[in-house]
Amino acid sequence: MPRTITSSMLHGGPLRIWSALTDPDHRRAWSPLVFLDSPSRLGDTECTFAIQGITRPIRTPARVDQFDKPHAFAWSCGIPYLFTLEERYELAGNDGGTRVTHSCTLRGALSFPFAAMMLRRLHSLMVEADERFATYLRWRVGQPARGINRQRVPSRYRRKAR
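Residues numbered from 1 in each chain as written. Predicted model: local features only at pLDDT ≥ 70, side-chain atom pairs only at ≥ 80, totals over all residues. Heavy atoms only, no water.

The name an unreviewed UniProt entry gives the protein is Polyketide cyclase / dehydrase and lipid transport, with Novosphingobium subterraneum as the organism.

Peer 1: Even after reading the chapter, I still don't get the packing of aromatic side chains, so can you show me in this structure?
Peer 2: Ring pairs (aromatic) are described by centroid distance and by the angle formed between their planes. According to the stated counting rule, one finds 6 aromatic pairs in the structure shown. Judged by centre distance (5.0 Å) and plane angle (65°), the rings of tryptophan 18 and phenylalanine 67 are edge-to-face. Highlighted residues: tryptophan 18 in helix H1 (residues 14-22) and phenylalanine 67 in strand E4 (residues 58-68), separated in sequence by 49 residues. In textbook terms, an aromatic cluster arises when at least three aromatic residues are bridged by ring pairs, as seen for Trp18, Phe67 and Phe73. (Phe/Tyr/Trp six-rings, centres within 6.5 Å; stacked < 30°, edge-to-face > 60°. Helix = DSSP H or I, 4+ residues; strand = E, 2+ residues; numbered from the N terminus.)

Peer 1: Would you take a moment to explain unusual backbone geometry for this structure?
Peer 2: As a rule of thumb, non-glycine residues mostly have phi less than zero, and peptide bonds are mostly trans rather than cis. A cis amide bond links lysine 69 with the next residue in sequence, proline 70, at an omega value of -15°. Within the chain, tyrosine 81 stands out as a residue other than glycine whose phi angle is a positive 70°.

Peer 1: Can you help me understand the pattern of salt bridges in this one?
Peer 2: Pairing between side chains becomes possible if they bear opposite charge and their charged atoms approach one another. Taken as a whole and judged by the stated rule, the model has 7 salt bridges. Between aspartate 25 and arginine 28 there is a salt bridge; the shortest N-O distance is 3.0 Å. Taken together, the residues aspartate 25 and arginine 28, both in helix H2 (residues 24-30) and 3 residues apart, mark about one turn of the helix. Through salt bridges that share partners, Asp37, Glu46 and Arg59 make up one connected network. (Salt bridge = Lys/Arg side-chain N within 4 Å of Asp/Glu carboxyl O.)

Peer 1: Would you mind showing me how to read the sheet that holds strand E1 (residues 3-10) here?
Peer 2: Whether parallel or antiparallel, the strands of a sheet pair through hydrogen bonds between backbone atoms. The 7 strands lie next to each other as E1-E7-E6-E5-E4-E3-E2, forming an open sheet whose pairing is antiparallel. Each having just a single partner strand, E1 and strand E2 (34-36) make up the two edges of the open sheet. Across this sheet, the average inter-strand angle for adjacent strands is 25°, counted without regard to direction. In this fold H1 packs onto E1, E4, strand E5 (72-79), strand E6 (83-94) and strand E7 (97-107), with an angle of close to 155° to the strand it touches most, E6. (Pairing = 2+ DSSP bridges. Axes fitted to C-alpha atoms, helices over the stretch in contact; angles between N-to-C directions. Contact = heavy atoms within 4.5 Å.)

Peer 1: Honestly, the nonpolar core in this entry has me stumped. Any pointers?
Peer 2: Looking at soluble globular proteins, one finds that nonpolar side chains tend to be buried together. Ranked by size, the top nonpolar core spans 30 residues in total, and within it Ile17, Cys47, Trp75, Leu85 and Phe133 carry the most contacts. Going through the elements one at a time, H1, E2, strand E3 (43-49), E4, E5, E6, E7 and helix H3 (111-141) are the ones with two or more residues in this core. No other element matches H3, which puts 8 residues into this core. Discounting residues that sit within four places of it in the chain, leucine 85 has contacts with Phe49, Trp75, Ser76, Cys77, Cys104, Thr105, Leu106 and Leu122. (Core = buried A, V, L, I, M, F, W, Y, C linked by side-chain atoms within 4.5 Å. Buried < 20%, exposed > 50% of the residue type's maximum accessible area, 1.4 Å probe, protein only.)

Peer 1: Can you help me understand empty space enclosed by the protein in this one?
Peer 2: Empty space among the atoms can be located by rolling a probe the size of a water molecule over them. Taken as a whole, this structure holds 1 cavity of 30 Å³ or more when the rule is applied. Counted as a void, the largest cavity has a volume near 30 Å³. Taken together, Ser8, Leu10, Tyr89, Val100, His102, Asp130 and Phe133 make up the full set of residues lining the largest cavity. Elements represented by at least two residues in the lining of the largest cavity include exactly E1, E7 and H3. (1 Å grid on protein atoms, 1.4 Å probe; cavity = no way out; pocket = protein on both sides within 12 Å on 5 of 7 lines; lining within 4 Å. Points joined across faces, edges and corners; volume = space filled by probe spheres on them.)

Peer 1: Help me understand the pairing of E7 in this model?
Peer 2: Side chains on a regular strand alternate between the two faces of the sheet. For E7, a buried count of 8 out of 11 residues is recorded, marking the element as mostly surrounded by other parts of the structure. Two elements, E1 and E7, share 8 bridges in a ladder whose sense is antiparallel. If you follow threonine 6 over to E7, its bridge partner there is histidine 102. Where E6 folds back on E7, the antiparallel hairpin that results is connected by 2 residues.

Peer 1: Please explain the confidence of the model for the protein as it appears in this structure.
Peer 2: Reading predicted coordinates in detail is not appropriate for stretches of low pLDDT. With 85% of its residues at a pLDDT of 70 or more, the protein has an overall mean of 82. In this model residues 144-151 is a low-confidence stretch, pLDDT under 50, and it forms 2 contacts with partners more than four residues away in sequence or in other chains. (pLDDT = per-residue confidence, 0-100.)

Set out below in structure tokens:
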């Protein structure tokens, strides 16, 4: 099985990172490789690929294979036994930091011929997606917590830092 793996250490606890991986609104914000319609439950769903050079996104059936909160999230799409792409995220850590291992595996009879063409490009796309994910998490930390009765104070009424 041809596979490519990236690993990174991210600030924040596994639950915070888990929600950014599996919540559709969060996924849309950091633009993963493939957008899943309903990543937050096991079973069948749809996915959308956005490929450079093709004006319309490609939609295909997909399946969430593993949903082990907050440790592992995996999904796959393709034609079983012929060509399948599996993307997996594994999280390990505590509230001080979380190691995220991101892997893509090609399976099926056509995986080896396609691997020669796809793995290098797939790895670079994974690195780009991981960087967008890390940037999104850093940005999200800088946002104030939203409370029920929280009011926005106009800047002219705020005290200036000394």
